[in-house]
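What follows is each chain in one-letter form.
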Amino acid sequence: MDTAILTNVQRGSLHDGPGVRTTFFFQGCNLHCTWCHNPETIPPEPVLMRYANRCIGCRICKDVCMNGLRKEDCTLCGACTEACPAEARVFSGTRRTAEELLDIALREQRFYGTDGGVTCSGGEPMLQIEFLERFLPMLKEHGIRTAVDTAGCIPWTQYERILPYTDLFLMDYKLADERKHKEYTGVSRTRIAENLRKFADCGREVWIRMPIIPGVNDTAEDVCAAGRELSDIGFRGTVELLPFHRLGQGKYDALGLNYRFADTQPPSKEHMEKLKHTLRSQFDTLNVK
Amino acid sequence: MKTCGSMNNHAGLMTDEALWALTMKPVQTTTLERIRLFHEADERVKELPQPLQYGNGLKYVLETITLPLKEHDLILGRVSEEVPDEEGEAFFRKYEANSGRPSWIHDGGHRSFWWNDLIEIGLPGLRERAARELERRTDPAERTYLEGAVCIYDALLTYGKRYAEAARAAGLTEAADVCQAVTEHEPRTFREGLQAMWLVILVYCALLAANPTLAFGRMDLLLENLYERDIASGTLTRDEAQLLILDFYCKNNLIMGRGEHQLSGNDPTVSTGWARCLCYDAPQYLVLAGRRPDGSEIAGDLTRLFAETIVPRFKNPVIVVHYSPDFQTKHPDLWKLFVDKMRQSSSMMVYNEEDCIRSLLRSGVDPEDAKNFEHFGCNHPCMPGLERHHEFYGARIGLIAPFLDYLKSCAAEGREPESAEEIYQALNTWLEGEILGLINRTKAARDRFLANPSGWIELTDCFWRDTIKNAQSFDSGGSKYFCSNFHFSSYASFVDCVTAVDELVIRKKKIPLKRMLTLLETNFENAPVELALCRRAPKLGSDDPAANLHANRLLTLFTDTVNRLAAENTDPAEHPRIIIRQSMESDNHHIAAGRALGATPDGRLAGVPLSQNVAPAVGSSVNGLTARLSSMASIPFDRICAGAQNVSIQPRAFAGDEGLGKLAAILGGYFDMGGLQIQISAVDAEDLRAAQKDPNAYRDLTVRITGYSAVFVDMVKSAQDEIIRREEMDA
């Protein structure tokens, strides 16, 4: 595929793998995590976001809309986003060619240092596997290190298609318990668990990233269950615990969605350190960050 | 020299004393003794020509002045300071004109001494050289000039001998021996080298020069032979050398006053001022790393030691790292050490050596001198011991006003500009007049000095390259170059304005020119749509191709014009040679300039500060730090040789070893792309706001200004607000 739908490009990213990175956020995800801080990436197609706090009340959007701004009649034609002078109405997703993304990466390449590179994140970038299969080799040709950030719920054969061009997989680990996994992400963890085993032995560097969500998976038992599973399958890589944050709240508002975690406080620094300590002390083969 | 325990004790005493001076020294503190002694000297030398007034007057002062000592002094040299009583205050007031100095002293800042001779032949050798030249000369004016020079050297030698005696009497035998040696021969050890430099620095910065922004030069290169010899012979350990460097750093801060000369608003309750304290807040630049004239890199253990010893809360010396090509790859550990100090908001910056050299070459500096360049405050390259400055800030060119004038002239003619190129050419024509004016003023000034080339002397003359040899002052024939600076002020704001007009008026025709001018006149009142459009127009700093292209093309055009007109209107064979250097410098003028300017096409409202120095306008870097730096690297920096870029970072974003590696990669990447300069400001806006509310609890909070640091709570509120705005929007 020549183009991908991206919701965002983050240059100089410091948190999506090692070193300084350029992160491409792909549209579309097959999980529906209730705490997701990028809810605009979940639908497979671009969505219209309306930021009320940016609106200057000029009503130009109404003038250009053929449907009188009626939400139910919106055809996503883009007239209002193009006309809005305050960027209060924006599309979450735009189609980008591999060449465009490569240009951005090449502009950023000087900043990557010895560890950094490109991270394809999302959403679930694996849902646009044809694009990845074309794009990742282009990056490798230019000596750029690559990472794919995945929730892991994709047939393994798809991963095999990009294994040769991917230096690092960032794989999410949400919950060890099947019932809770279904409840909070909308899908079974069976395939994810199978893929975890395959990733452990895939010959590529893999980081497991576990978001710590208060009230969902923030107890010592939760992280130890994850540690046990990883240890049992022989995983020997890096495990990152990522604290929940509420930076995505504005996006829920812009999408007109209810945010279940609006009143949830992020875990304290002390609690995060305690969880990491617990994991380190019980599973010394894991490199806990 | 010391045991480990006593060394730690020494380091603690020195550092505490320096930090106290920076944050707690009463603002009324002055050096009454200096003022009194120079007044007495003035009475004694009244009838003499200036060079002899200066030489004999200084000799009297240095023969008489008290010699403060502390038990923990390793390097000797302090000045006696006091908070005057009522009588002392009256005395100070009576003589505070000319910063408490007699009329025959006019030493000022922005000097870069030729330290090599001091290290190679020492004070005695320098005196001997002047005496030999005196014997050769017959011209009365030249002889008087050289007699004055000999007198100055004698004064310094006397001062050193007296200090050695005083230290011996106080039981500081080692320090006394070192100081004595400095008066008898060239420095033969690392410690003697530091001592020789400090004596000269102290006399210049604390007793003679107002705003003494004196460059200490490339100290790692100057002293590396002495250091390596001492280490090899076992007469000095690395720890001992570090303690000496720390003492040197501390002493530089001890002699400073409180406040900030541009941002304290002349408020005597928070600001000491030049008259009370000659050094006040003058930044002293010390250059590290870079390359030797033969092209080899300076990245040895002494460079590392100077860097390791940096104390982040100190104001002086300002460390300037010269980044040579691929430095981060060739010397990754040293690069990380520099970046680590920078991320702690140390008073330091990195300059791209290659950019500066190329720019100096374009402006007509000889290659061997360009390679030898150093830096002095604020943020300027210089050729040590070779150049006399004329208009340092004289030609600070704000391009926005003539740009708006041109738009108005188009509107008056009932037309719109047809292309950005038309605007380029109109501004270039306007610029020619400004450049020719600067060239002519510089030539006239040089010729005035040349009319009396040996009639005036300063301490500077004794540490210059050709003054003694030519028997002419550094103002005239003692300097090879006679320089003025042409500054493109608030360049990013200007580029943003051109880009907005190109985008909205010329190409997309979303706002007609007349309407744009009306919007500016009315400060976008009741025009939220157009204001939003102007603000959305591409900005330098967001890595938008349109803004980047304007930034590149405009600067290329303008710098070519400056260099062409300078070449056409000056003669490189003349001595001293006229050099017109170019930079992007606004210092803190961007605040006042913004206050005086109405709304602008980039969506900036009337009165809001413009962009500062090289940096993009505050709030323009919407795509993150790497995009900002990519954008700035589109500017052809090898055409200008100076301009600071404050980069604000959130300390937590680059914490720990991983954070250090990331910051080092980003900054190194910028310099590898040709970026010119960076200084890091790592402070949370929340802390700044808290400091505004409770200044006493935040006396040690320093912020980066333009190549130097200042205590935040010693600034006026408007300046504090601007710093907060910068940290909030750009971090």
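Residues numbered from 1 in each chain as written. Chains lettered and ligands numbered in written order. Predicted model: local features only at pLDDT ≥ 70, side-chain atom pairs only at ≥ 80, totals over all residues.

Right, let's get into the nonpolar core. If you look at the biggest cluster of nonpolar residues, it comprises 245 residues, and the most contacted ones within it are B:A149, B:I152, B:Y153, B:L156, B:V203 and B:C205. Among the elements that make up this core, the one with the highest residue count is helix α8 (residues 190-208) of chain B (15 residues). Leaving out residues up to four positions away in the same chain, B:I152 has contacts with B:Y54, B:G55, B:L58, B:L459 and B:C462. Grouped together as the second largest cluster of nonpolar side chains are 57 residues, A:L6, A:C33, A:F131 and A:V216 included. (Core = buried A, V, L, I, M, F, W, Y, C linked by C-beta atoms within 7 Å. Buried ≥ 20, exposed ≤ 12 C-beta atoms within 10 Å, placed from the backbone. Helix = DSSP H or I, 4+ residues; strand = E, 2+ residues; numbered from the N terminus. Contact = placed C-beta atoms within 7 Å.)

All names here are of chain B. Sheet architecture is open: five strands sit in the order β3-β4-β5-β13-β12, paired in mixed fashion. Taken across any chain shown, the strands that pair with only one partner, and hence form the sheet edges, are β3 (285-289) and β12 (646-649). On average, adjacent strands in this sheet sit at an angle of 30° to one another, irrespective of strand direction. In the packing of helix α15 (residues 353-362) onto the sheet, the strands contacted are β4 (318-323) and β5 (348-352), and the crossing angle to β5 comes to about 55°. (Pairing = 2+ DSSP bridges. Axes fitted to C-alpha atoms, helices over the stretch in contact; angles between N-to-C directions.)

Next up on the list: the sheet that holds strand β1 (residues 3-13) of chain A. Residues and elements named next belong to chain A. Strand order in the open sheet formed by nine strands is β5-β1-β2-β6-β7-β8-β9-β10-β11, with mixed pairing between adjacent strands. Two strands lie at the open edges of the sheet, namely β5 (94-97) and β11 (287-288), each paired on one side alone. Its contacts with the sheet place helix α3 (residues 98-108) against β1, β2 (21-26), β5 and β6 (117-122), and it is angled at close to 75° to β5.

So, on to the interface of chain A and chain B. Contact residues are listed per partner, giving 20 residues for chain A and 20 residues for chain B. Among the elements that make up the side of chain A that touches chain B, the one with the highest residue count is β1(A) (three residues). Partitioning the side of chain A that touches chain B into residue classes produces nine nonpolar, five polar and six charged. (Nonpolar A, V, L, I, M, F, W, Y, C, P; charged D, E, K, R; others polar.)

Another point: the domain arrangement of chain A. Along its sequence, chain A is organised into domain 1 (3-45 + 95-246 + 264-288) and domain 2 (48-90). Inter-centroid distance (C-alpha atoms) of domain 1 of chain A to domain 2 of chain A is 33 Å. (Domains from an automatic or database assignment.)

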